Amino acid sequence: MATARRRAAGVDVRPARPGDGAGCAAVWADAGRHLQELDPELGREPDAAGLAEWFERHLADERPADAIWLVAMLSEQVAGFVSGAVERPLGDARWQLQRDLGAPRLVVGALAVRDGRRRSGVGTALMTAIEEAGRKLGATVALLDTNLRSPLSVPFYELRMGYTRRAVTFRKRLA
């Protein structure tokens, strides 16, 4: 998806592209370490071997028109990224219980900001840019999930970005 560059609070947000793999990998590894510290049963640091190449392969892939992947650049380095997609209304929405299923929805799949760059405006710039891109693609609502135990992300989404809690996801280990 071609999204225009956006500059806010010294952060340059632009579409992710080949060549950003190493930076995205570093951000992702930081996010994994953070999640592992926050919730060791759930989070883990991803394997470093091949991680940058894995990102490069995904960056080189052709993405659907409704897919959005943006990076935040600071001092010519990837400081964070956000990805998501606009999902179209369900064909059977009139029989669904949730009103949102009858509307185009921006579903944010991942927001990650490099350690040392959190609380500096990078996440706000990325979320503002993906919401703007979602609106341009027709989205009327944005949805995402985050770890309820996170002292950073829960207040960020609720207080800074204006999101409201609408569900709780439960997890139970079976083995």
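As a starting point, this report considers the structure included with it. (Residues numbered from 1 in each chain as written. Predicted model: local features only at pLDDT ≥ 70, side-chain atom pairs only at ≥ 80, totals over all residues. Heavy atoms only, no water.)

A short note on the side chain of N147
At step 1: By secondary structure assignment, the location of N147 is in the loop between β6 (141–143) and α4 (153–160).
At step 2: In this structure N147 comes out as buried when scored by relative accessible area, which is 13%.
At step 3: Among the polar contacts listed, one links the side chain of N147 to the side chain of D39, at a separation of 3.4 Å.
At step 4: Not counting chain neighbours up to four residues away, the residues in contact with N147 comprise L35, L38, D39, L42, S153 and V154. (Helix = DSSP H or I, 4+ residues; strand = E, 2+ residues; numbered from the N terminus. Buried < 20%, exposed > 50% of the residue type's maximum accessible area, 1.4 Å probe, protein only. Polar contact = N/O pair within 3.5 Å; in protein donor to acceptor, adjacent residues only side chain to side chain. Contact = heavy atoms within 4.5 Å.)

Let's talk about the pairing of strand β2 (residues 11–15)
At step 1: The buried fraction of β2 is high, at four of five residues.
At step 2: Relative to strand β3 (residues 67–74), β2 runs antiparallel, the two sharing four bridges. What sits directly across from P15, in β3, is L70. (Pairing = 2+ DSSP bridges.)

Looking at the packing of helix α3 (residues 122–136) against α4
At step 1: It is at 12 Å that the axes of α3 and α4 come closest, and there the two elements cross at 55°. One finds that α3 runs oblique with respect to α4. Both α3 and α4 take part in a crossing whose hand is right-handed. The residues of α4 that touch α3, namely those facing G123, T124 and M127, are F156, Y157 and R160.
At step 2: In terms of residue class, the contact of α3 with α4 is built from three nonpolar, two polar and one charged. (Axes fitted to C-alpha atoms, helices over the stretch in contact; angles between N-to-C directions. Parallel < 35°, antiparallel > 145°, perpendicular 65-115°, else oblique. Left-handed = near helix turned anticlockwise from the far one by under 90°. Nonpolar A, V, L, I, M, F, W, Y, C, P; charged D, E, K, R; others polar.)

Structural notes on the pairing of strand β4 (residues 77–87)
At step 1: Here β3 runs beside β4; their pairing, made up of eight bridges, is antiparallel. Each residue of the ladder has a partner; that of A72, found in β4, is G80.
At step 2: Adjacent in sequence and paired antiparallel, β3 and β4 are bridged by two residues, among which S75 carries a positive phi angle near 50°.
At step 3: Across eight bridges, the pairing between β4 and strand β5 (residues 105–113) is antiparallel. If you follow G84 over to β5, its bridge partner there is V108.

What about the pattern of salt bridges?
At step 1: Across all of its chains, the model carries twelve salt bridges by this definition.
At step 2: Between R14 and D20 there is a salt bridge whose closest N-O contact spans 2.8 Å. Per residue, the accessibility class of R14 equals that of D20, and both read buried.
At step 3: For R149, the salt bridge goes to D39, with nearest N and O atoms at 3.3 Å. Here R149 is found in the loop between β6 and α4, whereas its partner D39 is found in the loop between α1 (21–38) and α2 (51–60), with 110 residues between them in sequence.
At step 4: Overall, the relative accessible area of 58% leaves R149 in the exposed class. (Salt bridge = Lys/Arg side-chain N within 4 Å of Asp/Glu carboxyl O.)

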